[in-house]
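Topology and contacts: notes
So the chains spell out like this:
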Amino acid sequence: VSDNQRDISFLRRAWAYWWYAWGASLCYWGLRTHERQLFRAGVDAFGRAVRAWPEFSAAHLRQGVILSRELGEHQAGIAALTQAIEQSPDWAEAYLQRGLVQRFHGDPRAAIADLERYLALGGSPTWRSEAERQIAMLREELAE
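An account of the accompanying structure is given in this report. Keep in mind that what you see is a predicted model, and the values were worked out from it rather than measured. Throughout this document, residue positions are counted from 1 along each chain, in the order its sequence is written. Restriction of local features to residues with pLDDT of at least 70 applies here, the model being predicted, together with a cutoff of 80 or more for giving and counting side-chain atom pairs; totals for whole chains, interfaces and linings are based on all residues. Hydrogens are left out, water is left out, and the side-chain values use all remaining heavy atoms of the structure.

Describing the overall build of the protein chain
Here is the rule: Secondary structure counts use DSSP, requiring at least four H or I residues in a row for a helix and at least two E residues in a row for a strand, with both numbered from the N terminus. The rule is simple: take the accessible area with a 1.4 Å probe, protein chains only, and divide by the maximum for that residue type; under 20% is buried, over 50% is exposed, in between is partly exposed.
Scanning the protein chain for helices and strands turns up seven helices and zero strands. For the protein chain, the sequential pattern of α-helices and β-strands runs α-α-α-α-α-α-α. Projected onto its principal axes, the C-alpha coordinates of the protein chain cover approximately 60 × 40 × 25 Å. In the protein chain, which comprises 144 residues, the proportion classed as buried is 40%.

The following block contains the structure:
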């Protein structure tokens, strides 16, 4: 890789981080003010981050969470979370987030698979018991 390509790559990643930070800021203010337009602008900023650096899985994840949780666009949220997982297949948080969206707005079997994957990857102890609880409830619901 040439020095010029390295410089361009660094600049694209830096630009992506800037858009990511801007999107996070907009979403923070959206949470504080309950203004949907701020969430929409945040999702757009995360999209710009992804266009600058397509492998930026954190931007895919935040875009998916905001689309689903704050904007009610669950299928678009699942698609963005799937992109995060494809970019970082060993990132437990992405499976937790997609599993929770699937749990309440998608496919219960897919939710179980994602939440089990989260547990297998050793996800945060803070959310471990919640993932286990959701899996148990899903299995009970599917057995009825």
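What to know about the nonpolar core
To keep it simple, the criterion reads: Nonpolar cores were defined as sets of buried Ala, Val, Leu, Ile, Met, Phe, Trp, Tyr and Cys residues, with membership established by side-chain atoms within 4.5 Å. Any two residues whose heavy atoms approach within 4.5 Å at even a single point are treated as in contact.
Core analysis: the biggest nonpolar cluster contains 20 residues, and Leu 61, Leu 96, Leu 115, Tyr 118 and Ala 131 have the highest contact counts within it. Those elements that place two or more of their residues in this core are α3 (57-70), α4 (74-87), α5 (92-105), α6 (108-120) and α7 (125-143). Here this core gets six residues from one element, more than from any other, and that element is α5. Excluding residues within four positions of it along the chain, Leu 96 makes contact with Leu 115, Tyr 118, Trp 127 and Ala 131. Counting residues in hydrophobic clusters, the runner-up holds 18 residues, among them Val 43, Trp 53, Ala 58 and Ala 59.

A short note on the pattern of salt bridges
What counts here: A pair is scored as a salt bridge if a Lys or Arg side-chain nitrogen falls within 4 Å of a carboxyl oxygen belonging to Asp or Glu.
Overall, the coordinates contain nine salt bridges when judged by the stated rule. Put simply, Asp 90 and Arg 117 hold a salt bridge, and the shortest N to O gap is 3.3 Å. With Asp 90 in the loop between α4 and α5 and Arg 117 in helix α6, the pair connects residues that are 27 residues apart, well separated along the chain. Here Arg 139 ties to Glu 116 by a salt bridge, and the two come within 2.0 Å at their closest N and O atoms.

With respect to α4
The cut-off we apply is this: What a helix is expected to span follows from its residue count: subtract one and scale by 1.5 Å. Note: the arc covers the axis-to-C-beta directions of the helix.
For α4, with 14 residues, the first-to-last C-alpha span of 20 Å sits near the 20 Å given by 1.5 Å per residue. All of the buried residues along α4 are Gly 77, Ile 78, Ala 80, Leu 81, Ala 84 and Ile 85. Burial along α4 is one-sided: seen end-on, the buried residues are contained in an arc of 165 degrees. α4 presents Gln 75 and Glu 86 as exposed residues on the side facing more than 90 degrees away from its buried surface.

A closer look at a nonpolar patch on the surface
What counts here: Like-charged residues within 9 Å of one another, or nonpolar side chains (Val, Leu, Ile, Met, Phe, Trp, Tyr) within 5 Å, are grouped into patches, provided each residue has over 30% relative accessible area and no salt bridge. Surface accessibility follows the Shrake-Rupley procedure with a 1.4 Å probe radius. Residue values consider only the protein chains on display as shielding.
Side chains of Trp 15, Trp 18 and Trp 22 sit close together on the surface and give an oily, nonpolar patch of about 380 Å² of accessible area. Along the chain, Trp 18 falls in helix α1 (residues 3-33). On the accessibility criterion, Trp 18 (45% relative accessible area) is partly exposed.

Examining unusual backbone geometry
Its identity as a non-glycine residue notwithstanding, His 34 has a phi of 65 degrees, on the positive side. Relative to the helices and strands, His 34 is located in the loop between α1 and α2 (36-52). According to the relative accessible area criterion, His 34 is exposed, its value standing at 67%.

A few points about the packing of α5 against α7
For the record, the criterion: Fitting a line to C-alpha atoms yields each axis, with helices limited to the stretch in contact; the angle taken between N-to-C directions then spans 0 to 180 degrees. Note on terminology: angles under 35 degrees are roughly parallel, angles over 145 are roughly antiparallel, angles of 65 to 115 are roughly perpendicular, and the others are oblique. In a left-handed crossing the near helix is turned counterclockwise from the far helix by less than a right angle, and in a right-handed crossing that turn is clockwise. Polarity classes work like this: nonpolar for Ala, Val, Leu, Ile, Met, Phe, Trp, Tyr, Cys and Pro, charged for Asp, Glu, Lys and Arg, and polar for all others, with Gly in that last group.
It is at 11 Å that the axes of α5 and α7 come closest, and there the two elements cross at 30 degrees. The orientation of α5 relative to α7 falls into the category roughly parallel. The handedness of the crossing between α5 and α7 is left-handed. For the pair formed by α5 and α7, the contact residues are Leu 96, Leu 100, Arg 103 and Phe 104 on the first element and Trp 127, Ala 131, Gln 134, Met 137, Leu 138 and Glu 141 on the second. In terms of residue class, the contact of α5 with α7 is made up of seven nonpolar, one polar and two charged.

Interpretation note: all reported values are geometric properties and have no functional meaning in isolation.
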